[in-house]
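Listed below are the residues making up each chain.
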Amino acid sequence: MLPWTLRSAARRLASATRAAAAASASAAARSPAPATRQDSSLLDHREEPWRGSPVREDVFWPDEQRLSTLRRQHRTKASRDHSGLTRQLLDFQHDTVNEPDGDYDPLGQLKARFMDFKQRNYVENSTKYQNLAEQQTPEFMVVACADSRVCPTSILGLQPGDAFTVRNIANLVPPYEHGASETTAALEFAVNTLKARISCDMASIFCSSHGCDRTYAATRYPVLIKLPSFAQVPNVLVVGHSRCGGIQALMSMKNKKDDSSSRSFIRDWVSLGKSARLSTEAAAGNLNFESQCRHCEKESINSSLLNLLTYPWIEERVKEGTLNLHAGYYNFVDCTFEKWTLVYRPGLEGGSKYAIKNRSTWS
């Protein structure tokens, strides 16, 4: 049922239309020229569903059932569209299509780089890549910024299979209560599902269980010295960086609630780092904007480390000592990398449960 104001407007529109139609009919009757079939059709009752009957609301505004039908038709069309694209890919015969030479082609550069990678890496290390094709066993879960200048694979020399990586604006980790996102899904998969390949000294384990000398065990059973084993991914690394546009957007946000007309996906996302902005304003509010942003870039990394501990399955593994939470800050202005590790002491009384250890700068 339509609101009263809309029903009233519909009745007024219908009344005005009938009056206009009556005036046109009167003028046509006085005119000597006969009305054409097209002209008379304008007065046809079939073209004016409101004539001689109450206003039909479904003519002007589609009801919920019609809207649902329209949405379903749109989804069906979209499904057909991408299915058609997939069929084209499956039918594509790359050996029968020549890529024409022409002006600058950015994908041409990517092709050249891919072919170089294939020859220098894949072909020369085919056994490694065949093993990766069967299973990935990364040692790191990396959360990094989407900034094109901050590629953890390049700056840290990570190779395929070394790190399970997710990148987003400002390398933020939402708290557990934020719900599903690409970052939280990646964390859950890496921490709970993926396994990391580690080397385990089974000779020592054998001796401890059989009460014998390790040298004897290693001589008698040399295969026990280095036997590969698998465990859940042992390290999470959050990497921030200098001159981060996401942090600048965060620091530019006003304290008062933004007008809904100025909202954007970026602002909604970086607002997850509000606590880092407030801490920065309290600690460095007397500094210029650039210095505040630099402070907040590191503050937001620590905020993300603490947010990681809001995930029950991460906190449990950190308490068990099977998962370490690390931070990294890449300054691409002078090409330095600062790293530190979070210490979590949930049973500590009378002091902070959190501390930083193993802090150093690579320069």
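Residues numbered from 1 in each chain as written. Predicted model: local features only at pLDDT ≥ 70, side-chain atom pairs only at ≥ 80, totals over all residues. Heavy atoms only, no water.

Novice: Help me understand the pattern of salt bridges in this model?
Specialist: Opposite charge on two side chains allows them to pair when their charged atoms are near. Within the structure shown, the criterion is met by six salt bridges. Here aspartate 147 makes a salt bridge to arginine 149, at a shortest N to O gap of 2.8 Å. When the shortest N-O distance is used, the salt bridge between arginine 277 and glutamate 281 registers 3.1 Å. A residue pair is termed a helical-turn pair when its members lie 3 or 4 positions apart in one helix, as arginine 277 and glutamate 281 do in helix α13 (residues 274-284) at four residues. Each of the salt bridges in this network shares a partner with another, and the network as a whole consists of Lys298, Glu338 and Arg359. (Salt bridge = Lys/Arg side-chain N within 4 Å of Asp/Glu carboxyl O. Helix = DSSP H or I, 4+ residues; strand = E, 2+ residues; numbered from the N terminus.)

Novice: Explain the sheet that holds strand β8 (residues 354-362) here, please?
Specialist: Whenever strands of a sheet pair, they do so through backbone hydrogen bonds, lying parallel or antiparallel. Taken together, the six strands give an open sheet; going across it, the order is β2-β1-β5-β6-β7-β8, and neighbouring strands pair in mixed fashion. Each of the sheet's edge strands pairs with one partner strand only, and the pair in question is β2 (163-168) and β8. For this sheet, the mean inter-axis angle between neighbouring strands, taken without regard to orientation, is 20 degrees. Here strand β6 (residues 324-331) pairs with strand β7 (residues 336-344) via six bridges, running antiparallel. In the strand pairing of β7, glycine 328 is matched with lysine 339. Contacting β5 (235-241), β6, β7 and β8, helix α14 (residues 289-308) crosses the sheet at an angle of about 165 degrees to β6. (Pairing = 2+ DSSP bridges. Axes fitted to C-alpha atoms, helices over the stretch in contact; angles between N-to-C directions. Contact = heavy atoms within 4.5 Å.)

Novice: How do you make sense of helix α8 (residues 182-192) when you look at a structure like this?
Specialist: Along an α-helix, residues three or four apart share an orientation, since each turn contains 3.6 residues. When we look at burial in α8, the residues that qualify are Thr183, Thr184, Ala186, Leu187, Ala190 and Val191. Down the axis of α8, the smallest arc covering the buried residues is 160 degrees, so these residues share one side. (Buried < 20%, exposed > 50% of the residue type's maximum accessible area, 1.4 Å probe, protein only. Arc of directions from axis to C-beta.)

Novice: Quick question: what am I supposed to make of the packing of aromatic side chains here?
Specialist: Any two aromatic rings considered together are summarised by their centre-to-centre distance and by the angle between their planes. Applying the stated criterion across every chain, the model contains nine aromatic pairs. Summarising the aromatic geometry, the rings of tyrosine 176 and tyrosine 311 are spaced 5.5 Å apart at their centres and angled 85 degrees between planes, so their arrangement reads as edge-to-face. Taken together, the positions of tyrosine 176 in the loop between β2 and α8 and tyrosine 311 in the loop between α14 and α15 (312-320) put the pair 135 residues apart, joining distant regions of the chain. Plain terms: the ring middles of tyrosine 330 and phenylalanine 332 are 6.1 Å apart, the flat faces sit at 65 degrees to each other, and that makes the pair edge-to-face. You can call tyrosine 330 buried: its relative accessible area is 11%. One aromatic cluster is present, built from ring pairs that chain together Phe114, Phe117, Tyr122 and Tyr129. The cationic tip of lysine 298 hangs over the ring face of tyrosine 329; the distance from NZ or CZ to the ring centre is 5.0 Å. (Phe/Tyr/Trp six-rings, centres within 6.5 Å; stacked < 30°, edge-to-face > 60°. Lys NZ or Arg CZ within 6 Å of the ring centre and 35° of its normal.)

Novice: Quick question: what am I supposed to make of unusual backbone geometry here?
Specialist: Negative phi is the rule for most residues except glycine; trans is the rule for most peptide bonds. Phi angles above zero are rare outside glycine, and asparagine 171 is one such case at about 45 degrees. Residue placement: asparagine 171 occurs in the loop between β2 and α8. Looking at asparagine 171, the relative accessible area reads 2%, which means it is buried. Positive phi, close to 55 degrees, is recorded for asparagine 358, a residue that is not glycine. Checked against the element boundaries, asparagine 358 lands in strand β8. Asparagine 358 gets classed as partly exposed once you look at its relative accessible area, which sits at 48%.

Novice: Sorry, what's going on with helix α11 (residues 245-252) here?
Specialist: Turning to α11, its buried residues number three or more, namely Gly246, Ile247, Leu250 and Met251. Looking straight down α11, one finds its buried side chains confined to an arc of 135 degrees; they lie on one side.

Novice: Can you help me understand the side chain of threonine 336 in this one?
Specialist: Here threonine 336 lies in strand β7. Since its relative accessible area comes to 17%, threonine 336 is described here as buried. At 3.0 Å, the side chain of threonine 336 and the side chain of aspartate 334 are in polar contact. Among residues more than four places away in sequence, those in contact with threonine 336 are Tyr329, Tyr330, Asn331, Thr361, Trp362 and Ser363. (Polar contact = N/O pair within 3.5 Å; in protein donor to acceptor, adjacent residues only side chain to side chain.)

Novice: Could you clarify how one ought to interpret the environment of phenylalanine 332 in this entry?
Specialist: Take phenylalanine 332: it is sitting in the loop between β6 and β7. Sequence-wise, phenylalanine 332 and histidine 241 are 91 residues apart; in three dimensions their C-alpha atoms are separated by 7.4 Å. Excluding residues within four positions of it along the chain, phenylalanine 332 makes contact with Arg149, Val150, His241, Ser242 and Arg243.

Novice: Is there a simple way to explain the nonpolar core in this structure?
Specialist: Side chains of nonpolar character tend, in soluble globular proteins, to be buried together. Judged by nonpolar contacts, the single largest core of 27 residues is most densely connected at Met141, Leu187, Val236, Leu305, Leu308, Ile314 and Leu325. For this core, the elements supplying multiple residues, two or more each, are β1 (140-145), β2, α8, β5, α14, α15, β6 and β7. Among the elements that make up this core, the one with the highest residue count is α8 (four residues). In terms of nonpolar packing, the next biggest core, distinct from the first, is built from 13 residues, Cys145, Leu172, Trp269 and Val270 among them. (Core = buried A, V, L, I, M, F, W, Y, C linked by side-chain atoms within 4.5 Å.)

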